[in-house]
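Tertiary structure, described
Each chain is listed here by its residues.
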Amino acid sequence: MTLARSDENILPVYTAQVDITALCKKVASQMSLLAAEKKLQLKQEIQDNLVMQGDEMALSRLLIILLDNAMKYSSEQTQITLRVAKVKTHLVLEVRDEGCGISDDDKQKIFDRFFRVDKARSRSQGGLGLGLSLALAIVRQHGGSIKVLDNKPRGTIMYVKLPTTVK
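Residue numbering note: each chain is counted from 1, following its sequence as written. Where totals are concerned, whole chains, interfaces and linings use all residues; where local detail is concerned, this predicted model gives features only for residues with pLDDT of at least 70, and gives and counts side-chain atom pairs only at 80 or more. Each side-chain value is derived from all of the structure's non-hydrogen atoms; neither hydrogens nor water enter the calculation.

1. Considering the nonpolar core
Grouping buried Ala, Val, Leu, Ile, Met, Phe, Trp, Tyr and Cys residues that are joined through side-chain atoms within 4.5 Å yields what is termed a nonpolar core. Remark: exposure states derive from per-residue accessible area (1.4 Å probe, protein chains only) relative to the maximum for the residue type, with buried under 20%, exposed over 50%, and partly exposed in between. Grouped together as the largest cluster of nonpolar side chains are 42 residues, with contacts concentrated most on I20, L66, L67, L82 and I146. Going along the chain from the N terminus, every DSSP run of H or I of four or more residues is numbered as a helix, and every run of E of two or more is numbered as a strand. Of all elements in the fold, only helix 2 (20-37), strand 2 (41-46), helix 3 (56-72), strand 4 (79-87), strand 5 (90-96), helix 6 (131-141), strand 6 (145-150) and strand 7 (156-163) reach the threshold of two or more residues within this core. Sorting elements by how many residues they give to this core places helix 3 first, with nine residues. Here, two residues are considered to be in contact whenever any of their heavy atoms come within 4.5 Å of each other. Apart from the residues within four sequence positions on either side, L66 is in contact with L93, V95, L132, A135, I146, M158 and V160.

If you want it as structure tokens, here you go:
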């Protein structure tokens, strides 16, 4: 439903000042429990005193989607890093994993609805292939951008850039 509303530009935006530092630490703390169950380490590199205008629930959902995807495609005994910092007038949020990576062809499609990089593995992991489509809608709702990069030597970086003020 959220994606359908975003297609028609009627996605409600509940903007208020959001303490991004506290939000990221809270979500990362909750996701650390899941990471530990999967024998993954979730490292936090979150700058202090980060605030922005935005929809706190949507931003929380964005973080959960990105961290959950990183965990789904990471091998045991690897690390996922959540980095959040202010760069000029924007917040930069990165989720870095040491997983299987994404091919250049698939990088063009991962934000499409129902797309899965490894369909057989994705079915066993659960999900419908909607997470990154929703992440893209949330980022756009906040006037930002999202892209996928390689994490050398292995893995993926989900790179999100969000303005700190509503335009």
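2. Things to note about unusual backbone geometry
Omega for the peptide link from K152 to P153 comes to 5 degrees, which places this bond in the cis form. Within the fold, P153 resides in the loop between strand 6 and strand 7. Although it is not a glycine, K39 sits at a positive phi angle of roughly 60 degrees. At N49, a position not held by glycine, the phi torsion is positive, near 60 degrees. Within the element layout of this structure, N49 appears in the loop between strand 2 and strand 3 (51-54).

3. Concerning the pattern of salt bridges
Salt bridge criterion: a side-chain nitrogen from Lys or Arg within 4 Å of a carboxyl oxygen from Asp or Glu. What the rule picks out here adds up to seven salt bridges. Residues joined in a network through salt bridges with shared partners are K43, E45, R83, E94 and R96.

4. So, helix 3
Helix length check: helix 3 (17 residues) gives 24 Å between terminal C-alpha atoms against 24 Å at 1.5 Å per residue, within 8%. Of all the 17 residues making up helix 3, 12 are buried; the element is thus mostly covered by neighbouring parts of the structure. Those residues of helix 3 that sit buried are A58, L59, S60, L62, L63, I65, L66, L67, N69, A70, M71 and K72. Think of a polar contact as two N or O atoms within 3.5 Å of one another; within protein, one of them needs to be a possible hydrogen donor and the other a possible acceptor, and neighboring residues in sequence only count if both atoms come from side chains. Where helix 3 begins, the side chain of D55 points an oxygen toward the backbone nitrogen of M57, at a separation of 3.2 Å. To estimate how far a helix should extend, the number of its residues minus one is multiplied by 1.5 Å.

5. Side note on the side chain of T78
Residue placement: T78 occurs in the loop between helix 3 and strand 4. Among residues more than four places away in sequence, those in contact with T78 are K39, L40, Q41 and E98.

6. Here we look at the packing of helix 2 against helix 3
Between helix 2 and helix 3, the least distance of the axes is 10 Å, while the angle of their chain directions is 35 degrees. In this structure, helix 2 crosses over helix 3, and the sense of that crossing is right-handed. Listed contacts from helix 3 to I20, L23, C24, V27, A28, M31, L34 and A35 of helix 2 are E56, L59, S60, L63, I64, L67, D68 and M71. Counted by class, the contact of helix 2 with helix 3 contains 13 nonpolar, one polar and two charged residues. Axis lines are fitted to C-alpha atoms, over the contacting stretch for helices. Their N-to-C directions set the angle, which ranges from 0 to 180 degrees. A clockwise turn of the near helix away from the far one marks a right-handed crossing, whereas an anticlockwise turn of less than a right angle marks a left-handed crossing. Ten residue types, Ala, Val, Leu, Ile, Met, Phe, Trp, Tyr, Cys and Pro, are classed as nonpolar, four, Asp, Glu, Lys and Arg, as charged, and the remainder, Gly among them, as polar.

7. Here's the deal with the side chain of D97
With respect to the helices and strands, the residue D97 is situated in the loop between strand 5 and helix 4 (104-107). Within the buried set, D97 has no salt-bridge partner at all; the shortest N-O distance to an opposite charge, 7.5 Å, is to R154. The contact partners of D97, leaving out residues within four places of it in the chain, are A70, S74, Q79, I80, N151, R154, G155 and T156. For the purpose of counting charges, residues Lys and Arg are taken to be positive, whereas Asp and Glu are taken to be negative. His and the chain ends are not included.

8. Some thoughts on the packing of helix 3 against helix 6
Relative to each other, helix 3 and helix 6 sit at 145 degrees, their axes nearing to 9 Å. You can see that helix 3 and helix 6 cross each other, and the crossing is left-handed. Touching A58, L59, R61, L62, I65, L66 and N69 of helix 3 are G131, L132, L134, A135, I138, V139 and Q141, all from helix 6. Looking at the contact of helix 3 with helix 6, its residues break down into 10 nonpolar, three polar and one charged.

9. Re the environment of R61
Inspection of the secondary structure puts R61 in helix 3. Judged by its relative accessible area of 34%, R61 is partly exposed. Expressed as a C-alpha distance, the spacing of R61 and V27, which sit 34 residues apart in the sequence, is 9.1 Å. In contact with R61, not counting residues within four places along its chain, are L134 and I138.

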